[in-house]
Amino acid sequence: MRFDTHAHVFALGLPLAENCRYVPDYSATPEQYLDHLDQHGIDAGILVQPSFLGTDNHYMLEALRRYPGRFYGVAVVDTAITIAEMQEMREAGVIGIRLNLIGLPLPDFQTAAWQTLLGHVNDLGWHVELHRSARDLPPLIGPLLAAGVKVVVDHFGLPSETDKAQDEGFRYLLTLAASRRVWVKISASYRNGSCQNSAQNILPLLPPLLAAFSPDRLLWGSDWPHTRFEDRMSYPQVCHEFQQWPLTEEQRDIILQTSAEQLIHQK
């Protein structure tokens, strides 16, 4: 199966989380997303709970139940969630939790509540997905790996737009490849610089990521519907860009298939 590992679905009128940084004024439905997958020869998508919906995952869960086998999910949860609630999510197709920490204080993973939650994540074979600037990755990933969980890092690690591959946080990320417990999403290049010339964003980052992690720990994601960049990006555009990146066809196949399958099924 070929996977798009990063997309969001939502609808107008859903309950919103407090203190949203951005709220779209349109709907992005599962059916619209499936149309994109079908038109581009992609078999399955991983739906990531958008930050503006907070821990109310019901819309995403409904999509997972309505289209089993086409969608997997990454939920946003509170540390007080029970293992029974998480098991119910797993039955629907959830495979991980996301920590969108942009603009938020860094969590203390050593607290009892976090240790309990990470234990549940381990028991279910899930991963923890991190969305945070590269400079703040060291105090986050270290404790997560120490807790035994798989880690997925969003959007090339979000290094500094000026430093790119020389960003200290990005360099730290490269050192974690040997653990084989860390995956990096090569997604949303436009969140790492200019929308007009994605090559400027990709070329400094992709070679070191390939050399360190190998293709089977890299994940491609469309980032549909490209929130905050809707007027500048489209699904056909990001698919076209992916085909232009300096990858062999074998590497693309591993990224689209093997890497995602190992993330989903590896304990």
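Keep in mind that this is a model prediction, so the values were computed, not measured.

Visitor: Can you lay out the environment of R98 for me, pointing to particular residues and giving the numbers?
Guide: Inspection of the secondary structure puts R98 in strand β4 (residues 94-100). What makes R98 buried here is its relative accessible area of 5%. Here the alpha-carbon distance between R98 and G45, two residues 53 residues apart in the chain, equals 16 Å. Apart from the residues within four sequence positions on either side, R98 is in contact with H6, H8, V48, Q49, V74, A75, V76, E129, H131, D154 and H155. Polar side-chain contacts of R98 include one of 3.4 Å to the side chain of E129.

Visitor: Outline the pattern of salt bridges, listing residues and values.
Guide: Per the stated rule, a full pass over the model turns up 14 salt bridges. Here D231 makes a salt bridge to R232, at a shortest N to O gap of 3.3 Å. Look at R232 and you get partly exposed, because its relative accessible area is 40%.

Visitor: Describe in detail the nonpolar core, supporting the description with residues and values.
Guide: Counting 77 residues, the largest nonpolar core has L130 and W220 as the members making the most contacts within it. Excluding anything up to four places from it in sequence, W220 contacts F3, D4, T5, I42, I186, Y235, V238, C239, F242, W245, I255 and L256. In this structure, V48, Y72, L219 and I264 belong to the second largest nonpolar core, which totals 13 residues.

Rules used in this analysis
Residues numbered from 1 in each chain as written. Predicted model: local features only at pLDDT ≥ 70, side-chain atom pairs only at ≥ 80, totals over all residues. Heavy atoms only, no water. Helix = DSSP H or I, 4+ residues; strand = E, 2+ residues; numbered from the N terminus. Buried < 20%, exposed > 50% of the residue type's maximum accessible area, 1.4 Å probe, protein only. Contact = heavy atoms within 4.5 Å. Polar contact = N/O pair within 3.5 Å; in protein donor to acceptor, adjacent residues only side chain to side chain. Salt bridge = Lys/Arg side-chain N within 4 Å of Asp/Glu carboxyl O. Core = buried A, V, L, I, M, F, W, Y, C linked by side-chain atoms within 4.5 Å.

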